Amino acid sequence: MAAKGALDRGLGGEATAADVGALGDAPRIRALLADAARAGRSVSYSELLGDLGFRFTRPKMRALCKTLAEVDRLCALDGEPDLAVLVVRESDRLPGQGWWVGGTALLLGYDGPWEGAAAARFIREQQQLAFDYWEARPDR
């Protein structure tokens, strides 16, 4: 049973009815993030939740973060750059703590602070890899 539509509009601008299963739908979330990458933009947790039909809440964000790990696993299997790096906090446009402690940054060769100029520079570089990859693949 779908919940009532969200107040957030999401990436596409239109309100959609919430489907609880959407929080765990890695292929759907991967497609949304690939579209954002093609457009050369990061998205906030709130925007992504809104596109799935939800208002931002911490429990929904945590559920989304678990699925983002699966999205990156699928990307790695297909030889694609990570997409979860595109999902950021509105306050500083950096991924949340879960992304950093999940080990992705270390796997990508970064062992610095999670905030500040060095973190922002690293995140921009990783996001640019996704932008470049997906811009060159409009059909995927």
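Residues numbered from 1 in each chain as written. Predicted model: local features only at pLDDT ≥ 70, side-chain atom pairs only at ≥ 80, totals over all residues. Heavy atoms only, no water.

Concerning helix 3 (residues 58-77)
For the α-helix, the turn length of 3.6 residues means that residues three or four positions removed from each other point alike.
Stage number 1. Compared with an ideal rise of 1.5 Å per residue, which puts 20 residues at 28 Å, helix 3 spans 29 Å between its outermost C-alpha atoms and is within 8% of the ideal.
Stage number 2. The set of residues buried in helix 3 consists of Met61, Leu64, Thr67, Leu68, Val71, Asp72, Leu74 and Cys75. For helix 3, the angular spread of the buried residues around the axis is 160°, confining them to a single face. Facing away from the buried surface of helix 3 by more than 90 degrees, the exposed residues are Pro59, Lys66, Ala69, Ala76 and Leu77.
Stage number 3. For helix 3, the secondary structure elements touched by its buried residues are helix 1 (26-38), helix 2 (45-51), strand 2 (87-88) and helix 4 (97-101).
Stage number 4. Capping the start of helix 3 is the job of one residue whose side-chain oxygen sits 3.2 Å from the backbone nitrogen of Lys60: Thr57.
Stage number 5. The positive-phi residue at the C-terminal boundary of helix 3 is Gly79, with phi of around 70°. (Helix = DSSP H or I, 4+ residues; strand = E, 2+ residues; numbered from the N terminus. Expected span 1.5 Å × (residues − 1). Buried < 20%, exposed > 50% of the residue type's maximum accessible area, 1.4 Å probe, protein only. Arc of directions from axis to C-beta. Contact = heavy atoms within 4.5 Å. Polar contact = N/O pair within 3.5 Å; in protein donor to acceptor, adjacent residues only side chain to side chain.)

Focus on the side chain of Arg30
Stage number 1. In this structure, Arg30 sits in helix 1.
Stage number 2. Residue class for Arg30 comes out buried when judged on its relative accessible area of 15%.
Stage number 3. Engagement of the side chain of Arg30 in a polar contact is seen with the side chain of Asp78, the distance being 2.7 Å.
Stage number 4. Side chain to side chain, Arg30 and Glu80 meet in a polar contact 2.6 Å long.

Quick look at helix 1
Stage number 1. Under the 1.5 Å per step criterion, the end-to-end length of helix 1 is 18 Å for 13 residues, consistent within 8% with the ideal 18 Å.
Stage number 2. Here helix 1 has its buried residues at Ala26, Ile29, Arg30, Leu32, Leu33, Ala34, Ala36, Ala37 and Arg38.
Stage number 3. In the core, the buried residues of helix 1 are packed alongside strand 1 (43-44), helix 2, helix 3, strand 2 and helix 6 (117-135).
Stage number 4. Backbone nitrogen of Arg28 and a side-chain oxygen of the N-cap are separated by 3.1 Å at the start of helix 1; the cap is Asp25.
Stage number 5. Once helix 1 finishes, Gly40 follows within two positions and takes phi at roughly 70°, a positive value.

Considerations on the packing of helix 1 against helix 6
Stage number 1. Two elements in contact, helix 1 and helix 6, have axes whose closest approach is 7 Å; the angle formed by their N-to-C orientations is 90°. In terms of axis orientation, helix 1 runs roughly perpendicular to helix 6. Every residue of helix 6 that contacts helix 1 at Ala34, Ala37 and Arg38 is listed here: Ala130, Phe131, Trp134 and Glu135.
Stage number 2. Here the contact of helix 1 with helix 6 is built from residues that sort into 5 nonpolar, no polar and 2 charged. (Axes fitted to C-alpha atoms, helices over the stretch in contact; angles between N-to-C directions. Parallel < 35°, antiparallel > 145°, perpendicular 65-115°, else oblique. Nonpolar A, V, L, I, M, F, W, Y, C, P; charged D, E, K, R; others polar.)

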